[in-house]
Each structure stands twice: as structure tokens, then as C-alpha cells.
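# Breakdown of the fold
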Amino acid sequence: MSLKRIDHIGIAVPSLAEAIPFYRDVLGMEYHGEEVVADQKVKTAFFEIGEVHIELLEPTSPESPIAKFIEKNGGRGGIHHIAYATDDVAAKLEEYTAKGVALIDKAPRPGANNKLIAFLHPKSTGSVLTELCQPK
Ligand code: ZN
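All values derive from a computational prediction rather than experimental measurement.

Cut-offs and rules
Residues numbered from 1 in each chain as written. Predicted model: local features only at pLDDT ≥ 70, side-chain atom pairs only at ≥ 80, totals over all residues. Heavy atoms only, no water. Helix = DSSP H or I, 4+ residues; strand = E, 2+ residues; numbered from the N terminus. Buried < 20%, exposed > 50% of the residue type's maximum accessible area, 1.4 Å probe, protein only. Lys, Arg positive; Asp, Glu negative; His and termini not counted. Salt bridge = Lys/Arg side-chain N within 4 Å of Asp/Glu carboxyl O. Polar contact = N/O pair within 3.5 Å; in protein donor to acceptor, adjacent residues only side chain to side chain. Contact = heavy atoms within 4.5 Å. Patch = residues over 30% accessible without salt bridge, like charges linked within 9 Å, V, L, I, M, F, W, Y side chains within 5 Å. Areas by Shrake-Rupley, 256 points an atom, 1.4 Å probe, with all protein chains shown as cover. Donors = N, O, S within 2.8 Å, 3.2 Å for Na, K, Ca; no water.

Next up on the list: the side chain of Glu-58. Topologically, Glu-58 is positioned in strand S4 (residues 52–59). There is no salt bridge for the buried Glu-58, and the closest opposite charge comes from Lys-43, which lies 4.2 Å off by N-O distance. A distance of 2.7 Å separates a polar side-chain atom of Glu-58 from the backbone nitrogen of Leu-16. If sequence neighbours within four positions are ignored, Glu-58 has contacts with Val-13, Pro-14, Ser-15, Leu-16, Ala-17, Lys-41, Val-42, Lys-43 and Ile-66.

Here we take up a nonpolar patch on the surface. On the surface, Phe-22, Val-26 and Leu-27 cluster together into a nonpolar patch covering about 290 Å² of accessible area. Relative to the helices and strands, Leu-27 is located in the loop between helix H1 (16–26) and strand S2 (30–37). A residue is classified by how much of its surface remains accessible, and Leu-27, at 46% relative accessible area, is partly exposed.

Before going further, it helps to spend a moment on unusual backbone geometry. In this structure, Lys-41 is a non-glycine residue whose phi angle is positive, near 55°. With respect to the secondary-structure elements, Lys-41 resides in the loop between S2 and strand S3 (42–49).

A few words on the coordination of the zinc ion. At the metal site, the zinc ion is ligated by His-8 (NE2), Glu-55 (OE), His-81 (NE2) and Glu-131 (OE), and these contacts range over 2.0 to 2.3 Å. Mapping the donors of the zinc ion onto the primary sequence gives the spacing H-x46-E-x25-H-x49-E. Separated by 47 residues along the polypeptide, His-8 in strand S1 (residues 5–12) and Glu-55 in strand S4 bring together distant segments of the chain. Residue classification places His-8 among the buried positions, given a relative accessible area of 3%.

Below, the structure is given as C-alpha cells:
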């Protein structure tokens, strides 16, 4: 069972209110609304571009991993992660663990956009934060 496609690209932003008009009005992407993911201490906004989504991530707390990312990036946003779609995140985690990949999430957890998600550890992915996701 292979990965199916790129599901979305996660982009950290200091402010959704400032970033949304650029993606919606300047680039002209279809806006799919905002959602708070309490678990990850982020507020997300989704845009559709073909089969792929752009996921903007604004931290809702200084403890958020996105807040730390922005801080390390000199207070600016930037590309944060790439997410691949699969039918079975749990099976993929098992497969990748067997191949020696380090995981951030040992088991799938709820993410934005009604998905189950899990992150692989950047130390195993050439520093690219990699997410797997499947529709719930
Ligand atoms: Zn994501």
C-alpha cells in the first residue's frame, strides 16, 4: 500500500488575519474556512489548489510548536510541513517503524479538516517535517 498523493502543505504564519487575504484575494485560491485544533494549539485556515490543500497555521499559545517554529525563523512564517495522504496511518506508522524511521506520533491522532494524522521525526526525513493523514 503506497502513499496516495500530497494532501496538503503546512505553512506557519504569525497571523491568519494577515495571511488569508494574500492566499484568497491575491493568489485567488478557494478558501475553506478556519478551524481551531486545540490539541496542537493552532488555528488553521485551508485553501484548495487542485487536489492539494494549503494549510495555514497560526499559533494559539506560546507553547505551540508553531510558535516555536516562528520564533526560530526570526518571527516570520514559512513552510512547516508536507502531508501525504494514505488510507491507513496506523499501518504506515508500523511499516515505517520497521524500516527504522523515527516517529513523533506513535499512533494516529485527530488533526484539522476531520483527518487522522501522525508526524514522522525530521531526523529520519532529511529535516523535512512529514505528516501522514487519512480521512476519519
Ligand atoms: Zn498538516
